[in-house]
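Chain and residue survey
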Amino acid sequence: MKDLRTALKNERLYFDGGFGTVIQSMGLQKGTPPEDWNLTNPQKISAVHKAYIDAGSNIITTNTFGVNCDKYDNYEELISSAVNCVKAAIGSRSDIFIAFDIGPTGRMLKPLGDLDFEDAVKIFKKNVSAAAVCGVDCIIIETMSDAYETKAAVVAAKEASDLPILVTNAYDKTGKLMTGADAKAMIALLEGLSVDAIGMNCSFGPDIMLKHIDDFCENCSVPLIANPNAGLPKVENGKTVYDITPDQFADYMTQLANKGVNILGGCCGTTPDHIRKTIEATKNIPITKPTEKNKTVVSSYTHSVEICNQPILIGERINPTGKSKLKEALRTNNLSYILNEGIRQADSGVHILDVNVGLPEINEAQMMCSVIKELQAVTDLPLQIDTSDPEVLEKSIRIYNGKALINSVNGEVQSMNAVFPLVKKYGGTVIALTMDKNGIPSTAEERVKIAERIAECAKEYGIQKKDLIIDPLCLTISSDSSSALITLKSVKLLSEAGFKTSLGVSNISFGLPAREKINTTFFAEALAIGLNCAIMNPFSTAMMDVYYAYRALHGLDDACLDYINYSSNVSEPIKAAVTEETTLSKAIIKGLKEDISRCISELLKTTKPLDIIDNHIIPALSEVGNDFEAKKLYLPQLLMSAECASSAFEILKMHIGKQNISNDKSVILATVKGDIHDIGKNIVKVLLESYGFLVYDLGRDVSPEAVLDCVKSTGCKLVGLSALMTTTVPSMAETIKLLQSKAKDVKVIVGGAVLNEEYAKTISADAYCKDAMEAVKFATEFYL
Amino acid sequence: MPLDYFYGEIQKELILPNINEVSERLNMPFEQNYNLTSQCEQKLKNVIAPKYSGIRTDITLDGDKIDLGFGVFTSKDLAKNLTQCKEAFIFAVTIGNGVDRLLNKLRITSPAEHFITDGLASAYAEALADFVDKKIKGNTPCRPRFSVGYGDLPLEIQPQILESVNAARLLNITVSKSLLMSPSKSITAIMGIL
């Protein structure tokens, strides 16, 4: 038997075609899953496989597209019977490969759905383990329209076997997956995971695939696969047919082969005829040997960022060093604050976000994973995982949706041995610091030597130079006046040696006054000498000025359009005076968030912070609340006012001594297990916060145990539960039951469209709150 | 069995939400118009991607027992709606998961915008269902459309409805364990043909 990995690189290979559509024409009843026939009609299944073998296919996929342990208790039996059906069709031939087919689970992964990444990995792993013992030759992961589910399947396949892994995804007409990934992002992810071949399947037909194949050919360094549909179904003379005939199909496939796709086959609607004609038309077309594209790329779940001619900005704000508010947010698990920093940086124009949550008093691994998951739910920028702890790196790189940038490895053997195996397993591009057990060399040449040693070691782990970015380190000129020159020379020499480079630019001025002046000048010089990536503060207008000006000056900004756009958007801070009309109360009542900061600054000149709360914020909220109940204003305005009040509280907190901030008025909020509706809960949260309550928001789909854990860890005595579906109200009852047995002194209030006073009583809730204001009233009275 | 198939992407400019639907969702009279509502609507329109898929299929009715081509189930209310119908349109629509991503972001940055955008998005999904309803039936007289969750039509048949219109492959609609669709602003419907 040939080695498939060798065959993939050197031969033209042919997958089989549509399966479900073919067996439906053989009598499979609508609504009956195709995999049922593995047990009830194995001869018919084998007959289909044989038809494709006779047509010339040499990779036959098992009839297991819809099989997994989530859907079937007898998944192992279904898998082994599927493999046996293929073996029966192959007979004594030794030139046919059996591909174990893994399709989507049918469930969406979090945050858009309810399936956890690790649960998805477990599901796929069981499949692969079951197939591996049956004697398949490879794994084909197909038709997934989500990068994250694809990653889960590949990780599972790698952990459960050594079989070659082929991946084809279902791209839409715009050339993207449903969750947004384009071809470059998927190639970055999948090549990082070391899959053996990549491509497209299903979708809307080979004509659509032809439109997007160039992206694959230009960016992919492994063999390409195309398994398109035969178009879309239609009804002709009472029969369902697909609109692309075998001859038309073969014509498109010829074009795909000429473009460089070596592995061809079909999907929905294709038949043995489609495959036969394709093979006749393409078998004499020479293959295109895959070539190394040598691109330094990182990716998120939607797009890739290539480190090349354009300077890349890495936002540095999610790092607790020197940031007391961020430290506080990490200690109190205030993810909203952290996510807001991420979103603000993304809106400022950075290309990648650095994520560093290293604080001794917290569980860094847990926090890093939470922050990465939550950040990837609100921004599609690639992330830089910034940690010196290999355990943190392992856990976070595993769950990262895309190909991460990793900060960092250094020249010490221990560091390289800890980091490189993880990069090899999960993919990634690594920032390599030019330091080793002897410290940071004092010359540029020695730093380059360390970079070269790191690259040699990486090569031994199978990691190419393109996946390293060297950081020659900025030491502050306040302690060594030659350090800027050494760093700049290092960047130059590294670029000449073919390395990509990165710097934490602001380190150069540590300990000096007016740091921005040094930082901006150094940044401009580093860019001019060839720096590829800068870890920097995107909220510094001066630094962003340098970035845009540099690009305009160096021909990296066509017609200076970005510079012009940037310049017209950067305006003087609004200096409008706070008039008598624009008071803090008015700003809260009218929901004018942008005026809050200015109003507070004015008031603080004459009024103590606690008096501002008592005499301005609370009365404004009361007026808004009364008008809401009198139906003089409506929920959107109530929320806008509440946001303003919360924003005002946040600013005032910084001016109030810690001893005056009371955290004993707290509430835990959660949408119960199985339910992801949270509008009502979020309204309650905003109002409670605006009234000064500390809210522990556990989010959506929260298990009873998680609620209990929060009660225990915070000591909070008031819990609010929300459910919007009749199917999830039992989860509410379960949660209350658990709390009553393990935390008897906790009170539970409930709300949600499907609830009422009566039902709340039957599930032993302490109160039913019909709207957010009632919840605030209950909480206020509870804490009196 | 399917007698016809439908699939399409609709230009977002053609989807016009019903004002009453919007005011109901936002809990305010339609003459109230905050600047913020308009801003939220603009951001929403930037991310919606309206699509639909559907079939025309023969159906069987036997009292409360209904077969739409994927197995028999019971619903007194749907059976009443489908009285004397021998065929039905079944369709699914979605405005896409760009909306869910926007809502995820707004959940963090602004609860007010999140509330408003969520309400608007639901109104847009309904408007898309109205548009597709008219487009699919043309001049064919039909019963009012009926969705899972109406009356006693059980949520449990949602996966089969989606399967029958190939929603997973054409619209990328999946269903969670608690039978919620993703993208969340998706609607399925059954329309009996008179």
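These numbers come from a predicted model, not from an experiment.

Time to look at the packing of helix α5 (residues 75-90) of chain A against helix α6 (residues 117-132) of chain A. Residues and elements named next belong to chain A. The N-to-C vectors of α5 and α6 enclose an angle of 45°; their axes lie 9 Å apart at closest approach. Between α5 and α6, the interaxial angle falls into the category oblique. In the crossing of α5 with α6, the sense of the turn from one axis to the other is right-handed. Touching Y75, E76 and I79 of α5 are K126, N127, A130 and A131, all from α6.

The next point concerns the interface of chain A and chain B. In this complex, chain A contributes 54 residues to the contact, which on the side of chain B involves 45 residues. Taking both sides of the interface into account, the surface hidden between chain A and chain B amounts to around 4,300 Å²; carbon and sulfur atoms contribute 63%. The largest share of the area that chain A buries against chain B comes from A:K30, A:L112 and A:Y634, three residues that together contribute 14% of it. Its salt-bridge partner being A:D70, residue B:K177 comes within 3.2 Å of it at the nearest N-O pair. The interface formed by chain A and chain B contains 10 residue pairs in polar contact (both at pLDDT 80 or more).

With that settled, consider the packing of aromatic side chains. All names here are of chain A. Taken as a whole, this structure holds 11 aromatic pairs over all chains when the rule is applied. Residues Y171 and F216 carry aromatic rings whose centres are separated by 5.4 Å and whose planes lie at 90° to one another, so their mutual orientation is edge-to-face. Highlighted residues: Y171 in the loop between β5 (165-169) and α8 (183-192) and F216 in helix α9 (residues 206-219), separated in sequence by 45 residues. Of the two residues examined, Y171 and F216, each falls in the buried class. Between the aromatic rings of F693 and Y783, the centroid separation amounts to 6.1 Å while the plane-to-plane angle is 50°, which identifies the pairing as tilted.

Turning to unusual backbone geometry, a few remarks are in order. Residue and element names in this part refer to chain A. Residue S408 follows N407 across a cis peptide bond; omega there is 15°. Summarising the element assignment, S408 is placed in strand β16 (residues 405-410). Look at S764: it is not a glycine, yet its phi comes out positive at around 65°. Examined against the element boundaries, S764 turns out to sit in the loop between α29 (757-762) and β25 (767-768). Taking the relative accessible area as the measure of exposure, S764 reaches 35% and is therefore partly exposed.

Before going further, it helps to spend a moment on the side chain of A:S490. All names here are of chain A. Looking at the element boundaries, S490 is found in helix α18 (residues 483-496). Engagement of the side chain of S490 in a polar contact is seen with the backbone oxygen of I486, the distance being 2.7 Å. Once residues lying within four places of it in the same chain are set aside, the contact partners of S490 are A444, R447, V448 and P472.

With that settled, the discussion passes to helix α10 (residues 246-259) of chain A. Residue and element names in this part refer to chain A. Taking 1.5 Å per residue as the helical rise, α10 with its 14 residues ought to reach 20 Å, and the 20 Å between its terminal C-alpha atoms agrees with that figure. By the burial criterion, the buried members of α10 are F249, A250, M253, T254, L256 and A257. Down the axis of α10, the buried set is contained in an arc of 165°. They therefore lie on one face. The secondary structure elements touched by the buried residues of α10 are α9, β7 (224-228), β10 (263-264) and α11 (272-282). G260 sits one or two residues past α10 and shows a positive phi near 125°.

What follows is about a nonpolar patch on the surface. All names here are of chain A. A surface patch of nonpolar side chains, about 300 Å² in accessible area, is lined by L561, Y563 and I564. As for its placement among the helices and strands, Y563 is situated in helix α21 (residues 561-569). Y563 sits in the partly exposed class, given a relative accessible area of 36%.

This next bit is on the pairing of strand β23 (residues 718-722) of chain A. All names here are of chain A. A large share of β23 lies buried, amounting to five of its five residues. Inspection of the sheet shows β23 paired to strand β24 (residues 747-751) by five bridges, in the parallel sense. Residue pairing across strands places L721 opposite V750, the latter belonging to β24. Each parallel crossover has a hand, and for β23 linked through helix α28 (residues 729-742) to β24 it is right-handed.

Residue and element names in this part refer to chain A. For the coordinates displayed, the defined rule picks out zero disulfides over all chains. Summary of cysteine pairing: C533 is not part of a disulfide, and the nearest cysteine sulfur, belonging to C308, is at 11 Å. On the basis of relative accessible area, C533 is assigned to the buried category, the value being 1%.

What counts and how
- Residues numbered from 1 in each chain as written.
- Chains lettered and ligands numbered in written order.
- Predicted model: local features only at pLDDT ≥ 70, side-chain atom pairs only at ≥ 80, totals over all residues.
- Heavy atoms only, no water.
- Axes fitted to C-alpha atoms, helices over the stretch in contact; angles between N-to-C directions.
- Helix = DSSP H or I, 4+ residues; strand = E, 2+ residues; numbered from the N terminus.
- Parallel < 35°, antiparallel > 145°, perpendicular 65-115°, else oblique.
- Left-handed = near helix turned anticlockwise from the far one by under 90°.
- Contact = heavy atoms within 4.5 Å.
- Buried area = accessible area lost by both parts, 1.4 Å probe.
- Salt bridge = Lys/Arg side-chain N within 4 Å of Asp/Glu carboxyl O.
- Polar contact = N/O pair within 3.5 Å; in protein donor to acceptor, adjacent residues only side chain to side chain.
- Phe/Tyr/Trp six-rings, centres within 6.5 Å; stacked < 30°, edge-to-face > 60°.
- Buried < 20%, exposed > 50% of the residue type's maximum accessible area, 1.4 Å probe, protein only.
- Expected span 1.5 Å × (residues − 1).
- Arc of directions from axis to C-beta.
- Patch = residues over 30% accessible without salt bridge, like charges linked within 9 Å, V, L, I, M, F, W, Y side chains within 5 Å.
- Areas by Shrake-Rupley, 256 points an atom, 1.4 Å probe, with all protein chains shown as cover.
- Pairing = 2+ DSSP bridges.
- Right-handed = clockwise from strand over helix to strand, strands pointing away.
- Disulfide = S-S within 2.5 Å.

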